[in-house]
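Examining the three-dimensional arrangement
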Amino acid sequence: MTKLTRVLLGGLIATGLSSALDSGTVRAANLEPTGIDLGLTSFFDGFGKNEPGFVYLTYAFYQVGHQINDNSGNAQTIFGTPKINDFVWINQLAWVSPATLFGGAAHVGLNVVWATIIALDTDFSTASPAPGFQLKDNGVGTGDLTTGVFLQFKPMFVGGRPVLSARAELDVIEPIGSYDPLKDINQSSNFFSLAPYGAITVLPVHRLEISARVTYLYNFTNHRPANPFPVYPPVDSVKAGQAGWINYAASFEVLNTLHLGINGYYFRQFTEDRYTYTDGTSGTGPSNYVLGDFGPAQMLALGPGLFWDFSKTDKFFFNAYFSIKVDNRPQQNTFNLHYIHDF
């Protein structure tokens, strides 16, 4: 039995992060919320703690971007070459209860995730050829909260080794973060979202693991939308479109405690954002208000990553994501550090 197999059986590899952060809400692209996990979970995602107790997880990541793309994936020239960077620190606490379902095959647990600090660093001062399109960010603040209930299934075995593990979770993104309707880029989305997901890890051969997480996103209405530009009639409410995405990863054990691999994500918006104005009219854009929102968002990213089994109770991940295709969103590259401690 390898050291990795002993870790999978006796401890934590990943307990579900439901939502972290994609980027600050940029009104100049589309309305999808900030609180979504694009690539923050990766290797061994289907595995989790299979005994009662607490798990603490923390994430720190930095995103770097220099353009906002249109619906064809091309840079919107009206914004010139802006700077769209952000730093995020996220804290998560998961509790696995003694309660089980399906004849003891799955433990019931609770999950709380909070984007504790979000520092937005943008600059449109000299980038835009039109002064009216010099967007403003909300500086340093706090992000939204995610709470959820999950089922962590026990691993399946073939020939004495684990070959598959899975988890299902239902999450609610709650808009408690910093939000200013006079700013274009905010830490909070200012609306509730539902985000159920399923995560799975398969170990088809010795030393190789393949993981995926599929999430569906349903967004509720923002009744206090951003109105930084003069618009007539003023916008009264907005509703982001429904969407879904997949995080995917594969790694190989190169040393007894180290896995190297690739990780990525694909996001797709299914329905368009909807805007309602104070005169009772509504639509999906484009309009004077829906600056740059020409349709559904789409994002594809891929990059290298590693998992380090530092000790029996401590695990460390690093992931880099480089944008391959981005439609109707800011295009950014992401660098993520992820630490797990099992109590």
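1. Notes on the overall build of the chain
Along its length, the chain carries one helix and 21 strands. Out of the 343 residues belonging to the chain, those deemed buried represent 55%. Relative to all contacts within the chain whose residues are 6 or more apart in sequence, the contacts with residues 24 or more apart total 70%. For the chain, the exposed area adds up to about 13200 Å²; of that, 66% sits on carbon and sulfur atoms.

2. Some points on unusual backbone geometry
A positive phi is found at Phe-44, a non-glycine position, where the angle reads about 55°. Tracing the backbone shows Phe-44 in the loop between strand S1 (25-26) and strand S2 (53-68). Look at Asn-328: it is not a glycine, yet its phi comes out positive at around 60°. Here Asn-328 shows up in the loop between strand S20 (314-327) and strand S21 (330-342). By relative accessible area, Asn-328 is classed as buried at 0%.

3. What about the packing of aromatic side chains?
Per the stated rule, a full pass over the model turns up eleven aromatic pairs. Pairing Phe-322 with Phe-335 gives two aromatic rings, centres 5.8 Å apart and planes at 80°, and the pair type is edge-to-face. Of this pair, Phe-322 sits in strand S20 while Phe-335 sits in strand S21, and the two are 13 residues apart along the sequence. A connected cluster of aromatic rings, assembled from ring pairs, spans Phe-44, Phe-47, Phe-307 and Phe-317. The cationic tip of Arg-213 hangs over the ring face of Tyr-197; the distance from NZ or CZ to the ring centre is 3.9 Å.

4. Some thoughts on the pattern of salt bridges
What the rule picks out here adds up to ten salt bridges. The salt bridge partner of Lys-315 is Asp-309, with a shortest N-O separation of 2.7 Å. We classify Lys-315 as buried; its relative accessible area is 1%. Here the residues in one salt-bridge network are Asp-37, Asp-45, Arg-167 and Arg-213, joined through shared partners.

5. Examining the nonpolar core
Core analysis: the biggest nonpolar cluster contains 25 residues, and Phe-43, Ile-68, Val-88, Ile-90 and Phe-124 have the highest contact counts within it. Breaking this core down by element, the ones donating at least two residues are S2, strand S3 (83-101) and strand S4 (106-123). Per-element accounting of this core gives the leading share, five residues, to S2. Ranked by size, the runner-up nonpolar core spans 14 residues in total, among them Leu-38, Trp-245, Ala-301 and Tyr-321.

6. Description of the pairing of strand S11 (residues 197-202)
Of the two faces of S11, the one holding Tyr-197, Ala-199 and Thr-201 is buried and the one holding Gly-198, Ile-200 and Val-202 is not buried anywhere. In this structure, strand S8 (residues 161-174) lies alongside S11, joined through six bridges in antiparallel fashion. Across the sheet, the residue bridging to Arg-167 is Ala-199, located in S11. Inspection of the sheet shows S11 paired to strand S12 (residues 208-219) by six bridges, in the antiparallel sense. Along S12, the bridge assignment pairs Tyr-197 with Thr-215. Adjacent in sequence and paired antiparallel, S11 and S12 are bridged by five residues, among which Arg-207 carries a positive phi angle near 80°.

7. Details of the sheet that holds strand S18 (residues 282-283)
Ordered in space as S13-S14-S17-S18, the four strands form an open sheet in which the pairing is antiparallel. Bordering the open sheet on either side are strand S13 (221-222) and S18, each of which pairs with just one other strand. Note: strand S17 (residues 274-277) against S18, two bridges, orientation antiparallel. The residue of S18 that forms the bridge with Thr-276 is Ser-282.

8. Focus on the side chain of Gln-332
Inspection of the secondary structure assignment puts Gln-332 in strand S21. Under the relative-accessibility criterion, Gln-332 is labelled buried at 7%. Within polar-contact distance, the side chain of Gln-332 engages the side chain of Asp-86 at 3.2 Å.

Procedures and definitions
- Residues numbered from 1 in each chain as written.
- Predicted model: local features only at pLDDT ≥ 70, side-chain atom pairs only at ≥ 80, totals over all residues.
- Heavy atoms only, no water.
- Helix = DSSP H or I, 4+ residues; strand = E, 2+ residues; numbered from the N terminus.
- Buried < 20%, exposed > 50% of the residue type's maximum accessible area, 1.4 Å probe, protein only.
- Contact = heavy atoms within 4.5 Å.
- Areas by Shrake-Rupley, 256 points an atom, 1.4 Å probe, with all protein chains shown as cover.
- Phe/Tyr/Trp six-rings, centres within 6.5 Å; stacked < 30°, edge-to-face > 60°.
- Lys NZ or Arg CZ within 6 Å of the ring centre and 35° of its normal.
- Salt bridge = Lys/Arg side-chain N within 4 Å of Asp/Glu carboxyl O.
- Core = buried A, V, L, I, M, F, W, Y, C linked by side-chain atoms within 4.5 Å.
- Pairing = 2+ DSSP bridges.
- Polar contact = N/O pair within 3.5 Å; in protein donor to acceptor, adjacent residues only side chain to side chain.

Honestly, that's just the spatial picture; any functional story needs more than this.
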